[in-house]
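Residue-level structural notes
Here are the chains, one letter per residue:
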Amino acid sequence: MFKRLRILILLFILITVALGNWRTESRLKDWQNSVHVTVYPLAGDDSPVTRDYLSTLRPTNFEALEKYFGSEASRLGLPLLKPVALELAPTLRTAPPSPPEGGDSALTAIVWSLRMRYWAWRHDEAPGPKPDIRLFLVYHDPSRRPTLPHSTGLREGRMALVQVFASPADQGGNQVVTAHELLHTLGATDKYDPETLMPRFPDGFAEPTREPRIPQERAELMAGRIPVGAQTADIPTSLAQTLIGPATAREIGWTHGR
Ligand SMILES: [Zn+2]
(Lines give C-alpha, C1' and ligand atoms only; values in the text may rest on other atoms or scores of the structure.)
Protein backbone atom coordinates (compact mmCIF):
# COMPACT_ATOMS: atom_id res chain seq x y z
CA MET A 1 0.00 0.00 0.00
CA PHE A 2 2.66 2.48 1.13
CA LYS A 3 4.93 1.37 -1.66
CA ARG A 4 2.22 2.10 -4.20
CA LEU A 5 1.62 5.50 -2.64
CA ARG A 6 5.32 6.29 -2.81
CA ILE A 7 5.44 5.33 -6.47
CA LEU A 8 2.37 7.49 -7.14
CA ILE A 9 3.95 10.49 -5.38
CA LEU A 10 7.19 10.00 -7.29
CA LEU A 11 5.26 9.76 -10.56
CA PHE A 12 3.36 12.91 -9.68
CA ILE A 13 6.62 14.79 -9.02
CA LEU A 14 8.16 13.56 -12.26
CA ILE A 15 5.08 14.52 -14.30
CA THR A 16 4.94 17.96 -12.66
CA VAL A 17 8.64 18.51 -13.40
CA ALA A 18 8.22 17.31 -17.00
CA LEU A 19 5.22 19.59 -17.52
CA GLY A 20 7.03 22.56 -16.00
CA ASN A 21 10.01 21.87 -18.25
CA TRP A 22 7.83 21.67 -21.31
CA ARG A 23 6.05 24.94 -20.48
CA THR A 24 9.28 26.83 -19.82
CA GLU A 25 10.86 25.38 -22.94
CA SER A 26 7.92 26.54 -25.08
CA ARG A 27 8.27 30.04 -23.62
CA LEU A 28 12.03 30.15 -24.17
CA LYS A 29 11.73 28.79 -27.70
CA ASP A 30 9.26 31.52 -28.69
CA TRP A 31 12.28 33.86 -28.58
CA GLN A 32 10.13 36.87 -27.74
CA ASN A 33 12.65 37.92 -25.07
CA SER A 34 16.28 37.23 -24.26
CA VAL A 35 16.98 33.86 -22.66
CA HIS A 36 18.78 34.49 -19.36
CA VAL A 37 21.79 32.29 -18.80
CA THR A 38 23.91 32.29 -15.65
CA VAL A 39 27.46 30.95 -15.76
CA TYR A 40 28.74 29.39 -12.51
CA PRO A 41 32.53 28.85 -12.64
CA LEU A 42 34.22 26.29 -10.41
CA ALA A 43 37.57 24.52 -10.10
CA GLY A 44 37.84 20.95 -11.41
CA ASP A 45 41.17 20.40 -9.61
CA ASP A 46 43.25 21.92 -6.78
CA SER A 47 45.89 23.43 -9.08
CA PRO A 48 47.02 27.01 -8.32
CA VAL A 49 46.86 27.65 -12.10
CA THR A 50 43.12 26.93 -12.03
CA ARG A 51 42.61 28.99 -8.89
CA ASP A 52 44.45 31.98 -10.36
CA TYR A 53 42.62 31.71 -13.67
CA LEU A 54 39.25 31.65 -11.89
CA SER A 55 40.16 34.85 -10.05
CA THR A 56 40.71 36.63 -13.40
CA LEU A 57 37.28 35.73 -14.86
CA ARG A 58 35.08 38.73 -15.63
CA PRO A 59 31.72 39.12 -17.40
CA THR A 60 33.67 40.40 -20.44
CA ASN A 61 35.09 36.88 -20.89
CA PHE A 62 31.59 35.80 -21.93
CA GLU A 63 30.60 38.72 -24.15
CA ALA A 64 31.82 36.87 -27.24
CA LEU A 65 29.11 34.25 -26.63
CA GLU A 66 26.35 36.86 -26.44
CA LYS A 67 27.63 38.48 -29.63
CA TYR A 68 27.89 35.14 -31.42
CA PHE A 69 24.26 34.21 -30.69
CA GLY A 70 23.18 37.74 -31.65
CA SER A 71 24.90 37.65 -35.03
CA GLU A 72 23.88 34.05 -35.79
CA ALA A 73 20.25 34.87 -34.93
CA SER A 74 20.22 37.89 -37.22
CA ARG A 75 21.87 35.87 -40.02
CA LEU A 76 19.07 33.29 -39.61
CA GLY A 77 16.35 35.94 -39.60
CA LEU A 78 15.33 35.96 -35.92
CA PRO A 79 13.99 39.44 -35.03
CA LEU A 80 15.65 39.60 -31.58
CA LEU A 81 18.79 41.66 -31.02
CA LYS A 82 20.05 39.80 -27.96
CA PRO A 83 18.72 36.23 -27.93
CA VAL A 84 21.04 35.18 -25.09
CA ALA A 85 21.93 37.34 -22.07
CA LEU A 86 24.76 35.96 -19.92
CA GLU A 87 25.41 36.64 -16.26
CA LEU A 88 28.55 35.59 -14.39
CA ALA A 89 27.99 34.20 -10.88
CA PRO A 90 30.68 34.13 -8.17
CA THR A 91 32.97 31.08 -8.22
CA LEU A 92 31.39 28.05 -6.57
CA ARG A 93 33.27 26.26 -3.79
CA THR A 94 31.60 22.86 -4.07
CA ALA A 95 31.25 20.48 -6.98
CA PRO A 96 27.80 19.63 -8.39
CA PRO A 97 26.52 16.03 -8.54
CA SER A 98 28.14 14.05 -11.37
CA PRO A 99 25.97 13.64 -14.46
CA PRO A 100 24.65 10.19 -15.42
CA GLU A 101 27.22 8.19 -17.39
CA GLY A 102 26.39 6.14 -20.43
CA GLY A 103 22.69 5.34 -20.07
CA ASP A 104 21.30 8.83 -20.42
CA SER A 105 17.66 7.91 -20.67
CA ALA A 106 15.08 10.62 -20.06
CA LEU A 107 14.50 9.24 -16.54
CA THR A 108 18.15 9.31 -15.40
CA ALA A 109 18.41 12.79 -16.91
CA ILE A 110 15.39 13.98 -14.93
CA VAL A 111 16.71 12.41 -11.72
CA TRP A 112 20.12 14.07 -12.24
CA SER A 113 18.49 17.40 -13.06
CA LEU A 114 16.41 17.13 -9.86
CA ARG A 115 19.59 16.50 -7.84
CA MET A 116 21.28 19.37 -9.71
CA ARG A 117 18.40 21.72 -9.01
CA TYR A 118 18.42 20.85 -5.34
CA TRP A 119 22.19 21.40 -5.33
CA ALA A 120 21.88 24.67 -7.29
CA TRP A 121 19.16 25.86 -4.94
CA ARG A 122 21.52 25.31 -1.99
CA HIS A 123 24.54 26.90 -3.69
CA ASP A 124 23.12 29.60 -5.90
CA GLU A 125 24.71 32.86 -4.76
CA ALA A 126 24.15 34.68 -8.05
CA PRO A 127 22.50 38.05 -7.56
CA GLY A 128 19.35 39.03 -9.43
CA PRO A 129 16.44 37.01 -10.81
CA LYS A 130 16.64 33.25 -11.29
CA PRO A 131 18.14 32.30 -14.66
CA ASP A 132 16.35 30.35 -17.40
CA ILE A 133 19.45 28.25 -17.99
CA ARG A 134 22.35 27.39 -15.68
CA LEU A 135 25.80 26.57 -17.02
CA PHE A 136 28.32 25.13 -14.59
CA LEU A 137 31.80 25.67 -16.04
CA VAL A 138 34.36 23.33 -14.52
CA TYR A 139 37.90 24.61 -15.11
CA HIS A 140 40.93 22.32 -15.39
CA ASP A 141 44.67 23.06 -15.44
CA PRO A 142 45.75 21.93 -18.97
CA SER A 143 49.17 20.79 -17.68
CA ARG A 144 47.44 18.33 -15.33
CA ARG A 145 45.17 16.82 -17.97
CA PRO A 146 45.63 17.35 -21.69
CA THR A 147 42.11 16.14 -22.48
CA LEU A 148 38.87 17.05 -20.74
CA PRO A 149 36.10 14.88 -19.31
CA HIS A 150 32.81 14.80 -21.21
CA SER A 151 30.60 17.88 -20.99
CA THR A 152 26.87 17.32 -20.51
CA GLY A 153 24.05 19.63 -21.52
CA LEU A 154 20.55 18.64 -20.45
CA ARG A 155 17.25 19.71 -21.89
CA GLU A 156 15.52 18.47 -18.73
CA GLY A 157 16.20 21.09 -16.10
CA ARG A 158 17.98 23.31 -18.65
CA MET A 159 21.42 23.05 -17.18
CA ALA A 160 24.82 21.95 -18.36
CA LEU A 161 28.07 20.82 -16.84
CA VAL A 162 30.76 22.20 -19.17
CA GLN A 163 34.39 21.05 -18.88
CA VAL A 164 36.88 23.74 -19.91
CA PHE A 165 40.57 24.65 -19.64
CA ALA A 166 41.87 27.22 -17.17
CA SER A 167 44.04 29.01 -19.72
CA PRO A 168 43.67 32.20 -21.77
CA ALA A 169 44.95 30.36 -24.89
CA ASP A 170 41.93 28.04 -24.70
CA GLN A 171 39.31 30.76 -24.28
CA GLY A 172 38.08 30.38 -27.89
CA GLY A 173 37.77 26.60 -27.64
CA ASN A 174 36.07 26.95 -24.25
CA GLN A 175 33.50 29.27 -25.82
CA VAL A 176 32.74 26.73 -28.58
CA VAL A 177 32.10 23.96 -26.00
CA THR A 178 29.98 26.31 -23.87
CA ALA A 179 27.85 27.40 -26.85
CA HIS A 180 27.40 23.74 -27.91
CA GLU A 181 26.22 22.65 -24.45
CA LEU A 182 23.99 25.72 -24.11
CA LEU A 183 22.14 24.71 -27.27
CA HIS A 184 21.67 21.17 -25.87
CA THR A 185 19.72 22.72 -23.00
CA LEU A 186 17.42 24.28 -25.62
CA GLY A 187 16.80 20.97 -27.36
CA ALA A 188 19.52 20.89 -30.03
CA THR A 189 20.91 17.42 -30.81
CA ASP A 190 24.44 16.32 -31.71
CA LYS A 191 25.22 16.17 -35.43
CA TYR A 192 28.23 13.87 -35.45
CA ASP A 193 28.70 10.13 -35.62
CA PRO A 194 29.24 8.99 -31.98
CA GLU A 195 31.61 6.20 -33.15
CA THR A 196 33.96 8.21 -35.37
CA LEU A 197 33.14 11.74 -34.06
CA MET A 198 32.94 12.80 -37.75
CA PRO A 199 30.28 15.42 -38.61
CA ARG A 200 27.19 13.91 -40.26
CA PHE A 201 26.31 15.01 -43.77
CA PRO A 202 24.41 17.23 -44.49
CA ASP A 203 23.19 18.51 -41.07
CA GLY A 204 26.63 18.47 -39.44
CA PHE A 205 28.27 20.48 -42.22
CA ALA A 206 28.52 24.28 -42.00
CA GLU A 207 28.33 24.55 -45.79
CA PRO A 208 26.78 21.34 -47.14
CA THR A 209 26.47 22.74 -50.68
CA ARG A 210 30.12 23.79 -50.89
CA GLU A 211 32.11 22.42 -53.87
CA PRO A 212 34.25 20.50 -53.28
CA ARG A 213 32.46 19.36 -50.12
CA ILE A 214 35.73 18.73 -48.26
CA PRO A 215 37.67 20.49 -46.83
CA GLN A 216 35.15 22.71 -45.04
CA GLU A 217 36.24 25.99 -43.44
CA ARG A 218 33.91 26.00 -40.49
CA ALA A 219 32.13 23.62 -38.13
CA GLU A 220 28.40 23.33 -37.58
CA LEU A 221 28.15 24.11 -33.85
CA MET A 222 26.34 20.88 -32.91
CA ALA A 223 28.69 18.74 -35.04
CA GLY A 224 31.60 20.36 -33.18
CA ARG A 225 34.30 19.66 -35.78
CA ILE A 226 35.46 21.00 -39.15
CA PRO A 227 35.59 18.19 -41.75
CA VAL A 228 38.95 18.63 -43.50
CA GLY A 229 39.37 15.13 -44.97
CA ALA A 230 37.30 12.00 -45.59
CA GLN A 231 38.20 10.68 -42.11
CA THR A 232 39.64 13.75 -40.41
CA ALA A 233 38.07 16.73 -38.73
CA ASP A 234 39.60 19.64 -36.82
CA ILE A 235 38.35 20.99 -33.51
CA PRO A 236 37.45 24.68 -33.90
CA THR A 237 39.50 27.04 -31.75
CA SER A 238 37.05 29.93 -31.83
CA LEU A 239 33.36 30.67 -32.36
CA ALA A 240 34.34 32.45 -35.59
CA GLN A 241 35.14 28.98 -37.01
CA THR A 242 31.57 27.76 -36.36
CA LEU A 243 28.01 28.49 -37.40
CA ILE A 244 24.52 27.32 -36.48
CA GLY A 245 23.09 25.19 -39.31
CA PRO A 246 19.43 25.12 -40.38
CA ALA A 247 18.66 21.79 -38.62
CA THR A 248 19.97 23.10 -35.26
CA ALA A 249 18.16 26.42 -35.82
CA ARG A 250 14.89 24.48 -36.26
CA GLU A 251 15.48 22.44 -33.08
CA ILE A 252 15.98 25.54 -30.93
CA GLY A 253 12.98 27.33 -32.43
CA TRP A 254 14.81 29.93 -34.49
CA THR A 255 12.86 29.11 -37.62
CA HIS A 256 9.51 28.54 -35.93
CA GLY A 257 6.72 30.20 -37.90
CA ARG A 258 9.15 31.70 -40.38
ZN1 LIG B 1 26.81 17.52 -27.72
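Keep in mind that this is a model prediction, so the values were computed, not measured. (Residues numbered from 1 in each chain as written. Predicted model: local features only at pLDDT ≥ 70, side-chain atom pairs only at ≥ 80, totals over all residues. Heavy atoms only, no water.)

**Examining a nonpolar patch on the surface**
What counts, and what does not: Grouping into patches uses exposed residues only, defined as over 30% relative accessible area, and leaves out salt-bridged ones; the cut-off is 9 Å for like charges and 5 Å for nonpolar side chains (Val, Leu, Ile, Met, Phe, Trp, Tyr). Here the Shrake-Rupley method, with its probe set to 1.4 Å, supplies the accessible areas, and only the displayed protein chains count as covering residues. Definition used for salt bridges: Asp or Glu carboxyl oxygen within 4 Å of a side-chain nitrogen of Lys or Arg. Numbering of helices and strands runs from the N terminus; a helix is a DSSP stretch of H or I covering at least four residues, while a strand is a stretch of E covering at least two. Exposure categories follow from relative accessible area, calculated using a 1.4 Å probe and restricted to protein chains: below 20% of the type maximum is buried, above 50% is exposed, and the middle band is partly exposed.
On the surface, F2, L5, I7, L8, I9, L11, F12, I13, I15, L19 and W22 cluster together into a nonpolar patch covering about 1200 Å² of accessible area. The topology assignment puts L8 in helix 1 (residues 2-28). Take L8: its relative accessible area is 55%, and that puts it in the exposed class.

**Some remarks on the side chain of Q175**
Cut-off, in case you're wondering: Polar contact is the term for a pair of N or O atoms within 3.5 Å; when the atoms are in protein, one must be able to donate a hydrogen and the other to accept it, and sequence-neighboring residues count only if both atoms are side-chain atoms. We call two residues in contact when some of their heavy atoms are within 4.5 Å.
Mapped onto the fold, Q175 is located in helix 5 (residues 171-185). Overall, Q175 belongs to the buried group, its relative accessible area being 11%. One polar contact links the side chain of Q175 to the main-chain carbonyl oxygen of N61, over a distance of 3.1 Å. The contacts of Q175, once residues within four sequence positions are left out, are N61, A64, L65 and L239.

**Re the environment of I9**
Locating I9 in the fold gives a position in helix 1. When the C-alpha positions of I9 and P99 are compared, they lie 24 Å apart, and in sequence the two are 90 residues distant.

**Concerning the coordination of the zinc ion**
Formally: Coordination shells were defined by N, O and S atoms within 2.8 Å of each metal, extended to 3.2 Å for Na, K and Ca; water is absent from the atom set, which can make sites look incomplete.
Ligation of the zinc ion by protein atoms is provided by H180 (NE2), H184 (NE2) and D190 (OD), these donors lying 2.0 to 2.1 Å from the ion. Look at where the donors of the zinc ion fall in the sequence and you get H-x3-H-x5-D. With a gap of ten residues between them, H180 in helix 5 and D190 in the loop between helix 5 and strand 6 (219-220) connect regions that are remote in the sequence. Its relative accessible area of 10% is what places H180 among the buried residues.

**Looking at the packing of helix 3 (residues 63-75) against helix 5**
The condition that has to hold: Angles shown run from 0 to 180 degrees and are taken between the N-to-C directions of axes, each axis being a line fitted to C-alpha atoms and, for helices, limited to the stretch in contact. Working definition: roughly parallel below 35 degrees, roughly antiparallel above 145 degrees, roughly perpendicular at 65 to 115 degrees, and oblique for all remaining angles. Handedness of a crossing is defined here by the sense of rotation of the near helix relative to the far one, left-handed for an anticlockwise turn of less than a right angle and right-handed for a clockwise turn.
At their nearest, the axes of helix 3 and helix 5 sit 10 Å apart, and the two run at 55° to each other. On the basis of the axis angle, helix 3 is oblique to helix 5. In the packing of helix 3 onto helix 5, the handedness of the crossing is right-handed. Side by side, helix 3 and helix 5 meet where A64, L65 and F69 of the first sit next to Q175, T178, A179, L182 and L183 of the second.

**Quick notes on the layout of surface pockets**
Rules: Buriedness of a pocket was judged along seven lines, with at least five required to meet protein on both sides within 12 Å; pockets are open sets of points on a 1 Å grid over the protein atoms alone, cavities are sets where a 1.4 Å probe fits but cannot get out, and lining residues have an atom within 4 Å of a point. Grid points are joined across faces, edges and corners, and a volume is the space filled by probe spheres set on the points. Each residue gets one label: Ala, Val, Leu, Ile, Met, Phe, Trp, Tyr, Cys and Pro are nonpolar, Asp, Glu, Lys and Arg are charged, and the others, such as Gly, are polar. Each domain span listed reflects an automatic or database assignment of domains.
Empty space within the largest pocket amounts to approximately 1700 Å³. In this structure, the largest pocket is lined by 49 residues; those nearest its centre are P149, H150, S151, T152 and E181. Those elements that provide at least two residues to the lining of the largest pocket are strand 1 (35-43), helix 4 (106-123), strand 4 (152-154), strand 5 (159-165) and helix 5. Looking at which element gives the most residues to the lining of the largest pocket, the answer is helix 5, with seven residues. Residue classes in the lining of the largest pocket are distributed as 24 nonpolar, 17 polar and eight charged. Among the domains, domain 1 (33-187) and domain 2 (191-251) are the pair contributing at least three residues each to the lining of the largest pocket. Along the walls of the second largest pocket sit A43, D45, D46, S47, P48, R51, L54, S55, T91, L92 and R93, which together make up its complete lining. The element that contributes the greatest number of residues to the lining of the second largest pocket is helix 2 (residues 48-56), accounting for four residues. The residue inventory of the lining of the second largest pocket, partitioned by class, reads four nonpolar, three polar and four charged.

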